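Chain and residue survey
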Amino acid sequence: MKTIVRLTAERPALDMVADEVSSPTFAPDLALALEALVAEPLYGTYHFTNAGECSRLQFAAEIA
């Protein structure tokens, strides 16, 4: 799968959706959360995300 960075180098413009919103997670924050989780005797499914939200268009614009 091509990344946004690579696509911006290959194309003059990108088509991105603006109506899909998510909350991207910063990998170092996720690593810290996982480190804390494995230190506890907890079981189950956990979901981690950073605060805030952005559309796929906003996210691509920030990356570019």
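The rules behind the values
- Residues numbered from 1 in each chain as written.
- Predicted model: local features only at pLDDT ≥ 70, side-chain atom pairs only at ≥ 80, totals over all residues.
- Heavy atoms only, no water.
- Salt bridge = Lys/Arg side-chain N within 4 Å of Asp/Glu carboxyl O.
- Helix = DSSP H or I, 4+ residues; strand = E, 2+ residues; numbered from the N terminus.
- Buried < 20%, exposed > 50% of the residue type's maximum accessible area, 1.4 Å probe, protein only.
- Patch = residues over 30% accessible without salt bridge, like charges linked within 9 Å, V, L, I, M, F, W, Y side chains within 5 Å.
- Areas by Shrake-Rupley, 256 points an atom, 1.4 Å probe, with all protein chains shown as cover.
- Contact = heavy atoms within 4.5 Å.

Attention now goes to the pattern of salt bridges. Scanning the model with the defined rule gives one salt bridge in all. The partner of Glu20 in a salt bridge is Arg56, and the shortest N-O contact between them spans 2.8 Å. Note that Glu20 is positioned in the loop between helix H1 (4–10) and strand S1 (21–22) and Arg56 in helix H3 (residues 56–63), a separation of 36 residues in sequence. Taking the relative accessible area as the measure of exposure, Glu20 reaches 38% and is therefore partly exposed. Under the relative-accessibility criterion, Arg56 is labelled partly exposed at 45%.

The next thing to look at is a nonpolar patch on the surface. Side chains of Leu30, Leu34, Leu42, Tyr46 and Phe48 sit close together on the surface and give an oily, nonpolar patch of about 410 Å² of accessible area. Looking at the element boundaries, Tyr46 is found in the loop between helix H2 (27–38) and strand S2 (54–55).

Glancing now at the side chain of Ser55. Secondary-structure assignment places Ser55 in strand S2. Those residues in contact with Ser55 that lie beyond four places of it in its chain are Ala18, Glu20 and Val21.

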